[in-house]
Amino acid sequence: DHRNWFTEASTETGIGFSLHTKEKLHSEQTPYQTIDIYATETFGNLMVIDGFVMLSTRDNFLYHEMMSHPVIFSHPHPRKVVIIGGGDCGTLQEVLKHPAIQQVTQIDIDERVTRLSELYFPELCQANHDPRAKLLFADGIQWMQQADAGSVDIIIVDSTDPIGPAEGLFQQPFYQECLRVLASDGILVQQSESPLLHLESIIQPMHQAMSSAGFATVRTLHFPQPVYPSGWWSATLAYRNAKVDFRELDAQNKGFDTRYYDAAMHHCAFVLPPFMK
Ligand code: PUT
């Protein structure tokens, strides 16, 4: 095959995922990581950080909708949201679709992710100048340590994989800080990798760390994500209170467009196959 392929090769899992690329549009080393952008043949633009696929034009809606709407419709009165990571701004845009949300603070360590997303994924950055949005470029762990207790309703951890700069976001001390910063009824949601590949190595330890940090209930949801290893991904929700809510009527009458999430998919996403239970 004479064509150019980008391959995310995983030595840990022994698999690789390839996309046929037309052109490398950009490559740079930032103080934190290497960011590459490709134009692909069938998935639009592709952002890759340190060799790992972050998003494509074609399928990012699955991830961004499932990182935002299930948690927001699970909170009884969401007003203040914090996003840790999320520099491509796709999650931010979904969160801001909710009129009830009054303030979203996003803290990504690397400003270049956002600037490159504005150039190569402009459709995700339409809400960046919404007056409710505040974009900070700083260390998310330090930000959380300095945040006021009980000041946030929802924390969304939309990070890279738990290696390198993001590793501390997957550990109990960070979850303890999140619990302190969440108001009553507060919920933390974090991207939690592949149900097939990372159940024992990431999802189970995450449940244990969140529970021992003091969260009352921890639940994982799952959804397809073709450009991530195994094509199947998850997000884990940690609830300050034991009671699990779903504002189903509000989800049915949400009044904005989504392509994957709706009230029925909300239920569906939390139904676990036996091996995950
Ligand atoms: N934001 C999630 C990135 C995961 C890449 N494998």
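Engineer: It is not clear to me how the overall build of the chain should be interpreted in this structure. Could you clarify?
Structural biologist: When helices and strands are counted, the chain shows eight helices and 12 strands. On C-alpha atoms alone, the chain measures out to a radius of gyration of 18 Å, which is about the 19 Å that the 2.2 N^0.38 rule sets for 277 residues. Seen through its C-alpha atoms, the chain measures out along the principal axes to roughly 55 × 45 × 35 Å. Taking all 277 residues of the chain together, 55% fall into the buried category. Residue pairs in contact within the chain that sit at least 24 positions apart in sequence constitute 66% of those at least 6 positions apart. Within the chain, one finds 19 positive and 33 negative side-chain charges whose respective centroids are separated by 6 Å.

Engineer: Help me understand the pairing of strand 3 (residues 34-40), please; the structure alone is not making it clear to me.
Structural biologist: Within a regular strand, the side chains alternate between the two sheet faces. The element strand 3 is extensively covered by neighbouring structure, given that six of its seven residues are classed as buried. With seven bridges connecting them, strand 2 (residues 15-29) and strand 3 associate as antiparallel partners. Of the residues in strand 3, the one forming a bridge with T21 is T40. In this structure, the hairpin formed by strand 2 and strand 3 is closed by a connection of four residues.

Engineer: Help me understand the packing of aromatic side chains, please; the structure alone is not making it clear to me.
Structural biologist: Here a ring pair, both rings aromatic, is described through the centre-centre distance and the interplanar angle of the planes. Enumeration over the complete set of coordinates arrives at seven aromatic pairs. Ring geometry for F6 and Y38: centres 5.3 Å apart, planes at 40°, overall tilted. Linking F6 in strand 1 (residues 4-10) with Y38 in strand 3, this pair joins segments that are 32 residues apart in sequence. By the burial criterion, F6 is buried, and Y38 matches it. On the basis of an interplanar angle of 5° and a centroid distance of 5.9 Å, the ring pair of F73 and Y261 is categorised as stacked. Taken together, the residues F73 in the loop between helix 1 (60-72) and strand 6 (80-85) and Y261 in the loop between helix 7 (248-252) and helix 8 (263-270) connect sequence positions 188 residues apart. With respect to burial, F73 and Y261 carry one shared label: buried. Across the ring face of F61, the terminal group of R259 is positioned such that the distance to the ring centre comes to 3.9 Å.

Engineer: Is there a simple way to explain the side chain of S159 in this structure?
Structural biologist: Along the chain, the position of S159 falls in the loop between strand 9 (152-158) and helix 5 (172-181). Those residues in contact with S159 that sit more than four places away from it in its chain are Y63, I84, A166, L169, F170 and Q191.

Engineer: Help me understand the site of the ligand, please; the structure alone is not making it clear to me.
Structural biologist: In the vicinity of the ligand, the residues found are V53, M54, Y63, D158, S159, D161, Q191, Y228 and W233. The side chain of D158 places a nitrogen or oxygen atom 3.3 Å from a nitrogen atom of the ligand. Taking S159, its main chain carries an N or O atom lying 2.9 Å from a nitrogen atom of the ligand. In isolation the ligand has 240 Å² of accessible area, and contact with the protein removes 96% of it. Residues that form the shell around the ligand fall into these classes: five nonpolar, two polar and two charged.

Engineer: Whenever I open this one, the pattern of salt bridges confuses me. Can you help?
Structural biologist: Opposite charge on two side chains permits them to pair, given that their charged atoms come into close proximity. Taken as a whole, this structure holds nine salt bridges when the rule is applied. Among the ionic pairs, D36 bridges to K24, the shortest N-O distance being 3.6 Å. Here D36, found in strand 3, pairs with K24, found in strand 2; they are 12 residues apart in sequence, far enough to count as distant. Using a relative accessible area of 46% as the deciding quantity, one classes K24 as partly exposed. For the salt bridge of R180 with E177, the shortest nitrogen-to-oxygen distance reads 2.9 Å. Within this pair, R180 and its partner E177 are both found in helix 5, separated by three residues, close to a single helical turn. The partly exposed category is assigned to R180, whose relative accessible area is 31%.

Rules of the game
- Residues numbered from 1 in each chain as written.
- Predicted model: local features only at pLDDT ≥ 70, side-chain atom pairs only at ≥ 80, totals over all residues.
- Heavy atoms only, no water.
- Helix = DSSP H or I, 4+ residues; strand = E, 2+ residues; numbered from the N terminus.
- Rg over C-alpha atoms; globule rule 2.2 N^0.38 Å.
- Buried < 20%, exposed > 50% of the residue type's maximum accessible area, 1.4 Å probe, protein only.
- Contact = heavy atoms within 4.5 Å.
- Lys, Arg positive; Asp, Glu negative; His and termini not counted.
- Charge placed at Lys NZ, Arg CZ, Asp CG, Glu CD.
- Pairing = 2+ DSSP bridges.
- Phe/Tyr/Trp six-rings, centres within 6.5 Å; stacked < 30°, edge-to-face > 60°.
- Lys NZ or Arg CZ within 6 Å of the ring centre and 35° of its normal.
- Near = heavy atom within 4 Å.
- Polar contact = N/O pair within 3.5 Å; in protein donor to acceptor, adjacent residues only side chain to side chain.
- Areas by Shrake-Rupley, 256 points an atom, 1.4 Å probe, with all protein chains shown as cover.
- Nonpolar A, V, L, I, M, F, W, Y, C, P; charged D, E, K, R; others polar.
- Salt bridge = Lys/Arg side-chain N within 4 Å of Asp/Glu carboxyl O.

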